Amino acid sequence: MNKQTILITGAASGIGRETALFFAKKDWFVGIFDVNEAGLKNLESEIGESNCFSRIMDVTDPNSVKSGIDGFALKTGGKLNVLVNNAGILKFGLFERVGLSDHHKIVDVNINGCLTCIYHGLPYLKKTPGARIINMSSLSSLYGIPEVSVYSATKIALSAITEALDIELEPYGIKVCDIKPPYVRTPMLKDGKNVKSMKALNVLGGQINAEKVAKTVWAAAHGNKLHWKIGFTKLMTFYCWALPFTKRFAVKLLTMPKVEVKS
């Protein structure tokens with residue numbers, strides 16, 4: 001295949017969808033994967049069947065991941081220029097008020113899903129000169145955030161994985177990076193209207209559109225930064241660097257709701 005190729009998980013909506021459309025317009029061959037069949041079909045019709053490879057993929061199922069990536073590679077002649085680990089889920093609420101099964105699922109999708117995709121994508125990435133792995137991290141990777149504690153933990157973990165693999169895979173010429181947006185206006189936020197951190201960021205201008213993230217993915221596919229910070233994340237990164245001893249206070253002030261403790 002003469003075209004550059006990109007494989008995107010969680011592509012049926014939000015950041016994944018906008019990224020797929022952006023790269024398709026740049027004449028890349030796009031692999032789109034998600035558990036949302038209807039969303040995939042809609043995206044496939046918009047991109048065009050000849051310009052993409054679409055398949056249902058559950059990133060928590062290693063067999064589903066391997067089958068999907070192998071199918072994509074068969075279509076591209078084994079070429080995989082960019083792997084975008086975008087699939088992720090979020091459940092708002094104080095830790096004790098979110099079900100344990102939901103906590104486990106967040107870890108399974110956001111961390112284990114990413115690891116599985118990298119593991120099965122590596123044989124093709126290693127054969128493709130100048131390949132990239134781009135992981136979708138978050139503003140919440142800067143410090144653990146109340147009401148999204150486990151989600152925040154998974155994004156901190158993704159940053160550590162990114163840093164380690166960027167060193168490990170350097171001998172193969174594979175660049176690894178992550179992207180750290182603040183809240184992005186996607187369907188994932190529909191249940192978070194009353195979450196304090198979201199209200200605070202709305203006031204501070206801390207929400208961005210998925211299109212802006214897609215443009216950052218494009219920059220990351222061609223640039224050499226390790227951590228790509230967008231919008232409000234840049235400000236908070238500087239704040240944490242300049243005043244590290246106040247991080248806990250600032251996070252508590254901006255994100256922790258009032259809790260009534262009954263005796």
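Keep in mind that this is a model prediction, so the values were computed, not measured. (Residues numbered from 1 in each chain as written. Predicted model: local features only at pLDDT ≥ 70, side-chain atom pairs only at ≥ 80, totals over all residues. Heavy atoms only, no water.)

A. Broad picture of empty space enclosed by the protein. Counting across every chain of the model gives two cavities of 30 Å³ or more. The space that makes up the largest cavity amounts to roughly 70 Å³. Taken together, 13 residues form the lining of the largest cavity, with N85, A87, V109, N110 and C114 sitting closest to its centre. Those elements that place two or more of their residues in the lining of the largest cavity are helix 4 (100-126) and helix 5 (149-168). Taken together, the residues of the lining of the largest cavity break down into seven nonpolar, five polar and one charged. What the second largest cavity holds in volume is close to 40 Å³. In terms of residue count, helix 5 provides more of the lining of the second largest cavity than any other element does, three residues in total. Across the lining of the second largest cavity, the residue classes break down as five nonpolar, three polar and two charged. (1 Å grid on protein atoms, 1.4 Å probe; cavity = no way out; pocket = protein on both sides within 12 Å on 5 of 7 lines; lining within 4 Å. Points joined across faces, edges and corners; volume = space filled by probe spheres on them. Helix = DSSP H or I, 4+ residues; strand = E, 2+ residues; numbered from the N terminus. Nonpolar A, V, L, I, M, F, W, Y, C, P; charged D, E, K, R; others polar.)

B. Seen up close, the side chain of H227. One can find H227 in strand 9 (residues 227-229). With relative accessibility at 18%, the residue H227 sits in the buried group. A polar side-chain atom of H227 sits 2.8 Å from a polar atom in the side chain of D178. Apart from residues lying up to four places away in sequence, H227 is in contact with S159, E163, D178 and K180. (Buried < 20%, exposed > 50% of the residue type's maximum accessible area, 1.4 Å probe, protein only. Polar contact = N/O pair within 3.5 Å; in protein donor to acceptor, adjacent residues only side chain to side chain. Contact = heavy atoms within 4.5 Å.)

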